[in-house]
Amino acid sequence: MLKIRYLVIMILLLGILVACGTPAAEPTPTQAPAATEVMEEPTEEPMEEPTEAPTEAPTEVPTEEPTEVPTEEPMDTSTMTIAEIAAADPNFSMLLAAVEAAGLGEALSGGELTVFAPTNEAFEAHMDMGGGEVDADTLMYHVVAGAVMSADVAGMSFAPTMLEGRNVSIDMRDGGVVLNGEANVVMADVPASNGVIHVIDHVLTPRSVTFYHFGDLSGPLAGITAPLVTGFNDAVAAANAGRGVYGATINLEFTDTQSSVDAAVAAYDRYTSEDDNVLVMFTYGSGDGEALATRFREDQIPNLAAGLSSVAFYGVDSGYTFGYAPIYPEQFGLFLDYITANWDAVKPAGAGDEINVAYISWPTAYGQGALTPESRAYAESLGVTIVAEEIIDPTNPATDTTPAILNAQAAGANVIYTNTLAFGPAGILNGLGVLGLRQSFLVGANNWAMDLATYAYLSDPALAVGMITAFPYLWWTDQDNPGIQYITKNFVENERPVELQSVGYLLTFAGVDLTVKAMQKAIDDNGWAGLTGETVTQGLIGLGETEVLDGVFLVDFSGNNRSPRMAQIRQIQGGPDAFVVLQDFTEAPLLRPAETFELP
């Protein structure tokens, strides 16, 4: 009888319902003697005894036994170790066998621990799904130092496990706890003498995912790519120190392409040949994005792009390239919107009512990215005339820009717009300084120009004052934003030099956050087994309106949107940090190609 009651107690503790029939059988033998006595008494008291016997026996047995089990017995398990509790219940036989095979029995008998204990059913499902061997590392991934009760997880997003460097993610859903996006805690807070057990319905697997990226780290655009890559490294390290991707560690693979499109294509070929399930890639150059747009679509691999080419995002064979900011024609259009609406306030001294733009830029996919049939037509609709188009050297930081500037002046330009970065806008501003014409032109540019990388090439920081750009994200000085605070904290803790405090570093932190969100949505919708490049693509689209990293920038990839349209207008009004907001987040004009991709 004691043995049966002990099993009943363990059943109620660990939620194993299979044996619940055992206690139900007990009342029959205990009532049989009472029934015999009832049959002998009727000659004396026919009306009283039958009434008394049935009302007393059922009342005593059912009401006392269930009350005793849950109130007294849970306290008894506090004298048993985690290993002893697992050994006492047959539903954990597979867990116990794995623990013994890995030689971890002693480890689970000492110290204060929290164990996420998969049931036999969870182990069987793991094997049916082709799960790997449940080895010592996998088992230690189920163990957390200290006793973490269910009440403690409120506000926690992860917990470090006993497997070094590996955390388990924690989410609250429908009032329950979910680990790594897949394992439900089906019974919590089973006490033990050395900690606590939480019963789960999945075996936790230490996983990893890979982010592939390539760009110029030693060529002409290294000034902007270096902060991007450094930011990527720091952002991924910070993510891995937390919850990763639902507990999975993020690995990074990078290739230096030295601004060569051919090298970018070669990197893509190598990555896809070595990994038959590439989940995501990141590109930095417009030329790279344009060259690979069709490949991304064919292979169903999402590309998170810093190069904001309209061809890469919206070409007829695209659809798998996603951007952090409005495409360059739309940034140009937003700039034109602002200056036409505020011409009297921003026009250079001596300029008349007409706005005449000289487009001075590089002869590359990026450099010419803002000038499209759509942006030309839009300028004309605003009454803006593009009076000159000049080319400057995209490879030489010391290139002489004065001939292009003089040609712009001769054409009657009073605005210079450039789709360059780092030494590109700096070279134009330096040239204006040499010619003494800085006050004769309003200078505008895209998002990459307003950055510390530009200051690195300026002969005089004062030459940048007055430059206006579309600015699709927050800046380092926006310290009231939690995302900027998070990035700044990591920047300081990694002891990064001030020259890396740039646009690129900011955007890669936000880009990692965006990608993690998309991957977790893909897992929510398809499970870990269904995590592919295509499901991550659908995850990006399915996120809808999203404030990336608490609003560092805004995206909405729903439908056929592949780039955000929201951006501020900022102007440099002092040193490198004085990027002043002239106009808050506003929707840029829609200037996508007339012929664009279609997806089922």
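Please read these numbers as outputs of a predicted model, since none were measured by experiment. (Residues numbered from 1 in each chain as written. Predicted model: local features only at pLDDT ≥ 70, side-chain atom pairs only at ≥ 80, totals over all residues. Heavy atoms only, no water.)

Within the protein one finds 21 helices and 21 strands. Evaluated residue by residue, the protein yields a buried proportion of 52% over its 600 residues. For the protein, the share of sequence-separated contacts (at least 6 apart) that also reach a separation of at least 24 residues comes to 70%. Carbon and sulfur atoms form 53% of the exposed surface of the protein, whose accessible area is close to 25000 Å². (Helix = DSSP H or I, 4+ residues; strand = E, 2+ residues; numbered from the N terminus. Buried < 20%, exposed > 50% of the residue type's maximum accessible area, 1.4 Å probe, protein only. Contact = heavy atoms within 4.5 Å. Areas by Shrake-Rupley, 256 points an atom, 1.4 Å probe, with all protein chains shown as cover.)

Further remarks concern the pairing of strand S17 (residues 468–471). Burial along S17 is two-sided: Ile468 and Ala470 facing one way and Thr469 and Phe471 facing the other are all buried. Relative to S17, strand S16 (residues 442–445) runs parallel, the two sharing 2 bridges. Of the residues in S17, the one forming a bridge with Gly444 is Ile468. Relative to strand S20 (residues 566–572), S17 runs antiparallel, the two sharing 4 bridges. Counterpart to Ile468 in the pairing with S20 is Gln571. (Pairing = 2+ DSSP bridges.)

This paragraph deals with the sheet that holds strand S1 (residues 113–118). Strand pairing in a sheet is mediated by backbone hydrogen bonds. Such pairs are either parallel or antiparallel. Read from one edge of the open sheet, 7 strands run S2-S1-S7-S6-S5-S4-S3, paired in mixed fashion. Edge positions in the sheet fall to strand S2 (143–145) and strand S3 (158–160), since each of these pairs with one other strand and no more. Along the sheet, successive strands turn relative to each other by an average axial angle of 30°, direction set aside. Note that S1 and strand S7 (residues 195–200) share 6 bridges and pair parallel. Bridging across to S7, Ala117 finds its partner in Val199. (Axes fitted to C-alpha atoms, helices over the stretch in contact; angles between N-to-C directions.)

With that settled, the discussion passes to the environment of Val265. As for its placement among the helices and strands, Val265 is situated in helix H10 (residues 261–274). Among the residues examined, Val265 registers a relative accessible area of 21% and is labelled partly exposed. Distance from Val265 to Gly289, taken between C-alpha atoms, is 9.8 Å for residues 24 residues apart in sequence. Not counting residues within four places of it along the chain, the set of residues in contact with Val265 comprises Ala291, Leu292 and Arg295.

All right, on to the side chain of Ser361 then. Take Ser361: it is sitting in strand S13 (residues 356–361). Reaching out from Ser361, the side chain makes a polar contact with the backbone nitrogen of Asn419 at a distance of 3.2 Å. Discounting chain neighbours no more than four positions away, the residues touching Ser361 are Gly367, Gln368, Glu390, Ile391, Ile392, Thr418, Asn419 and Thr420. (Polar contact = N/O pair within 3.5 Å; in protein donor to acceptor, adjacent residues only side chain to side chain.)

A few words now on the sheet that holds S16. Strand order in the open sheet made by the 7 strands is S14-S13-S15-S16-S17-S20-S21, with mixed pairing throughout. Edge positions in the sheet fall to strand S14 (385–391) and strand S21 (579–587), since each has one partner strand and no second. Strand-to-strand, the axes of this sheet are offset by a mean angle of 25°, without reference to chain direction. As paired strands, strand S15 (residues 415–418) and S16 are joined by 4 bridges and run parallel to one another. Bridging from a neighbouring strand, Tyr417 pairs with Gly444 of S16.

A regular strand carries its side chains on alternate faces of the sheet. Where burial is concerned, the two faces of S16 agree: the one with Leu442 and Gly444 and the one with Val443 and Ala445 are both buried. The β-α-β motif built from S15, the intervening helix H17 (residues 423–435) and the parallel element S16 has right-handed crossover chirality. (Right-handed = clockwise from strand over helix to strand, strands pointing away.)

Confidence in the prediction of the protein, expressed as mean pLDDT, is 87, and 87% of residues score 70 or more. In the predicted structure, residues 1–75 sits below a pLDDT of 50 and forms 48 contacts with residues beyond four places in sequence or in another chain. (pLDDT = per-residue confidence, 0-100.)

Ranked by size, the top nonpolar core spans 121 residues in total, and within it Val209, Phe211, Ile339 and Trp448 carry the most contacts. Ranked by residues supplied to this core, first place goes to helix H20 (residues 503–526) with 13 residues. If near-sequence neighbours (up to four positions away) are discounted, Trp448 is found in contact with Ile224, Leu228, Ala306, Leu308, Tyr328, Tyr366, Leu421, Thr454, Tyr473, Val503, Gly504 and Leu507. Val99, Leu139, Val168 and Val203 belong to the second largest nonpolar core, which has 40 residues in total. (Core = buried A, V, L, I, M, F, W, Y, C linked by side-chain atoms within 4.5 Å.)

Taken as a whole and judged by the stated rule, the model has 27 aromatic pairs. On the numbers, 5.8 Å between centres and 35° between planes, the contact of Trp476 with Tyr505 is tilted. Here Tyr505 lies in helix H20 and Trp476 lies in the loop between S17 and helix H19 (482–493), a separation of 29 residues in the sequence. For Trp476, a relative accessible area of 4% puts it in the buried group. (Phe/Tyr/Trp six-rings, centres within 6.5 Å; stacked < 30°, edge-to-face > 60°.)

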